[in-house]
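Residues per chain, in single letters:
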Amino acid sequence: MDEDMLADQRRLVELIEAEGWDVTDLEISAYDSPWADEDDPEATVTITARKPYESEGDDGEDDESPYRLK
């Protein structure tokens, strides 16, 4: 895998984490483009991240939502 691709991957993770997200999974795939006549590889990055949000009026009491697992 190209060092430039890995550097870009690290930069994307840094940007996401700087916004308060916790990166939980990352996958990078490098391949030769079937649509281009060039010899330059391309890459796709799939990032899974999570970020908890405080809800307004959240006082710690149980939510009676029928969609919440108990």
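Here the structure is shown first, and the text comes after it.
Owing to the predicted nature of the structure, the values given are computational and were not obtained by experimental measurement.

(A) Inspection of the overall build of the protein chain at higher detail. Counting secondary structure elements, the protein chain contains 1 helix and 2 strands. Taken from N to C terminus, the helices and strands of the protein chain fall in the order α-β-β. Here the protein chain, with 70 residues, has 9% of them falling under the buried criterion. Accessible surface, the protein chain as shown: approximately 6,400 Å² in total, 45% of it carbon and sulfur.

(B) Layout of the pattern of salt bridges. Counted by the stated rule, this structure contains 2 salt bridges. In this structure, Glu14 and Arg11 form a salt bridge, with 3.9 Å as the shortest nitrogen-oxygen distance. Of this pair, Glu14 and Arg11 are both found in helix H1 (residues 3-18), 3 residues apart, which corresponds to roughly one turn of the helix. For Glu14, a relative accessible area of 46% translates into the label partly exposed.

Definitions and cut-offs
Residues numbered from 1 in each chain as written. Predicted model: local features only at pLDDT ≥ 70, side-chain atom pairs only at ≥ 80, totals over all residues. Heavy atoms only, no water. Helix = DSSP H or I, 4+ residues; strand = E, 2+ residues; numbered from the N terminus. Buried < 20%, exposed > 50% of the residue type's maximum accessible area, 1.4 Å probe, protein only. Areas by Shrake-Rupley, 256 points an atom, 1.4 Å probe, with all protein chains shown as cover. Salt bridge = Lys/Arg side-chain N within 4 Å of Asp/Glu carboxyl O.

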